[in-house]
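Descriptive structure summary
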Amino acid sequence: MSTDDGIHVLIPTPLRGFTGGEARVDVHGGTVGEALEALAVKFPGLGERLHDEDGQLRRFVNVFVNGQNVRDIAGTATELSPGDEIGIIPAMAGGDAS
Amino acid sequence: MPSYQDILEQKRAAVREVDVRQSARMYEEGAVLIDVREQDEVDQGIIPGAMHIPRGYLEMRIEEAVRDHETPLVIYCAGGVRSVFGAEALTELGYRDVVSMAGGFSGWKAAGLPWRHPQALTPDQRRRYSRHLLIPEVGELGQQKLLDASVLLVGAGGLGSPAALYLAAAGVGTLGIVDADVVDDSNLQRQIVHTTERIGMSKVESARLAVEALNPDVNVITHETRLDKENVLDLFARYDVILDGTDNFATRYLINDATVLLNKPNVHGSIFRFEGQATTFIPHEGPCYRCLFPTPPPPELAPSCAEAGVLGLLPGTIGMIQATETAKLILGIGTPLVGRLLTYDALEMEFRELQLSRDPQCPMCGPDAPTTLDDIEYTDVGCLIPALAVH
């Protein structure tokens, strides 16, 4: 299902329950917002994990485009080009002291 | 306008200079030797018993170091020039018996008089750390830095285990270990510092036994307690580097906030099933944890730890990245993971690097940051991934 002209979204382990175990999903979109919207449509339930009730990106989720945090670019309005890679980085408290 | 040479000649005329042998005799008779060279010169060797005060601090510190103005003082540097200026300055401060050692430390060494490395390695240590001594970036000075360093491991679990063993093996001289739990049989799938025999023993004690068996050079300090607002600052203040191997949000934020307040490096690692993350937070140099995640998630979005599961081999990789970062910070070599989040996917066997930047409005390292922990609440909201975890 990989396409060369799509946006590659890397799905972190805890979200893979929504993507049928897929670690990488390709979507289309001209901006980060559009790509995440396409992702949410494709995989029901995923959207609420990333956005709050007002549609804002949750503050404890960071989204990166080609390794750069979108907060340092233009947020969800950050423009994408085919082949770009989106990384979703949740706060992971999970260590292992217990 | 007098030249440097003119001034030097003028000072020389005003200062009494003695040769290295005369200096050695004066030292035997009770004179205080003062080494005014820079730290990097002293690291290469020093006269045993000499007091080290770099030239730039001499006037400021001498009265605290030598109270009696009648005490005979022998000032030396590398070659005998800076010591002329130093001796002149001390005479001006009212010290009555000050001489400059002509020829300096190099003259002293050339005359075959005794000197030593500030803290020389023992023959046993030379053998044990021989593979470090062979690397120019580490060498004897680097090994000494490791031996002099103190690292606090928060958590003697999956991340703390490999970090404890390898930092001990590398010769980190003081390892503090904080943990309030006891060894459980479900830990042994990944927490390699513990053993089947030690099930039921406190984790800090079990870790101490493992570390001491590996390297008797290491001084292990056990803290069988949970970190909280009341104890964290005192505890962290005793250590050079803090390694965060904990498992819950409350402690992660507490560690972050305390290290920012104390301005200490916080080497961070986290794991989940097949995925891990590591980064190094150096307060005010790069981002802190709250620049990335300003507040923990609401409790309803964070499931409990026990449900998560983790590949037993995963914490080995992440804990070792943390240990390696820690050793690099101590040695002052390489490029730390400051402002970079390294992510590791064990299933895909892929490493990625994400750029992290400081949040100018960060609640902990920004302009309105608190100066104490008093008004910050640390509520444990579970150990996993907020908002994203799938039940």
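All of these numbers come straight from a predicted model, not from anything done at the bench.

1. Considering the overall build of chain A
Summing up its helical and strand segments, chain A has two helices and five strands in all. Tracing chain A from N to C terminus, the helices and strands come up as β-β-α-α-β-β-β. The buried share of chain A, taken over its 98 residues, is 56%. Counted over contacts in chain A with a minimum sequence separation of 6, partners at least 24 positions apart contribute 49%.

2. What about helix H11 (residues 203-214) of chain B?
Residue and element names in this part refer to chain B. Here H11 spans 17 Å end to end across twelve residues, near enough to the 16 Å set by a 1.5 Å rise per residue. Residues of H11 that are buried include every one of Lys203, Val204, Ser206, Ala207, Arg208, Ala210 and Val211, and no others. Elements that come into contact with the buried residues of H11 comprise helix H10 (160-170), strand S7 (174-178) and strand S8 (219-223).

3. A word on the packing of aromatic side chains
Residues and elements named next belong to chain B. All chains considered together, the criterion is met by eight aromatic pairs over all chains. A centroid spacing of 6.3 Å and a plane angle of 25 degrees characterise the contact between Tyr76 and Phe105, whose relative ring orientation is stacked. Remark: Phe105 occurs in helix H6 (residues 104-110) and Tyr76 occurs in strand S4 (residues 73-76); sequence separation between them is 29 residues. With respect to burial, Tyr76 and Phe105 carry one shared label: buried. Lying across the ring of Phe105, Arg37 places its NZ or CZ 4.3 Å from the centre. A cation sits over an aromatic face here: Lys109 above Trp115, 4.5 Å from the ring centre.

4. Regarding the confidence of the model for chain B
All names here are of chain B. Taken over all residues, the pLDDT of chain B has a mean of 90, while the share at 70 or more is 94%. Taken together, the stretch residues 383-391 has pLDDT below 50 and engages in 45 contacts with residues farther than four places along the chain or on a different chain. For this predicted complex, the interface score ipTM comes out at 0.84, while the overall pTM is 0.75.

5. Observations regarding the pattern of salt bridges
Side-chain pairs of opposite charge can arise whenever the charged atoms involved come near each other. All names here are of chain B. Inspection of the entire model under this criterion finds 21 salt bridges over all chains. For the salt bridge of Arg126 with Glu140, the shortest nitrogen-to-oxygen distance reads 3.1 Å. Highlighted residues: Arg126 in helix H7 (residues 123-128) and Glu140 in helix H9 (residues 139-148), separated in sequence by 14 residues. Assessed through its relative accessible area of 35%, Arg126 is described here as partly exposed.

6. Quick word on H10 of chain B
Residues and elements named next belong to chain B. With nine of eleven residues buried, H10 is to be regarded as a mostly interior element. Gly160, Ser161, Pro162, Ala163, Ala164, Leu165, Leu167, Ala168 and Ala170 are the residues of H10 that are buried. Looking at the residues trailing H10, positive phi occurs at Gly171, about 95 degrees.

The rules behind each value
- Residues numbered from 1 in each chain as written.
- Chains lettered and ligands numbered in written order.
- Predicted model: local features only at pLDDT ≥ 70, side-chain atom pairs only at ≥ 80, totals over all residues.
- Heavy atoms only, no water.
- Helix = DSSP H or I, 4+ residues; strand = E, 2+ residues; numbered from the N terminus.
- Buried < 20%, exposed > 50% of the residue type's maximum accessible area, 1.4 Å probe, protein only.
- Contact = heavy atoms within 4.5 Å.
- Expected span 1.5 Å × (residues − 1).
- Phe/Tyr/Trp six-rings, centres within 6.5 Å; stacked < 30°, edge-to-face > 60°.
- Lys NZ or Arg CZ within 6 Å of the ring centre and 35° of its normal.
- pLDDT = per-residue confidence, 0-100.
- Salt bridge = Lys/Arg side-chain N within 4 Å of Asp/Glu carboxyl O.

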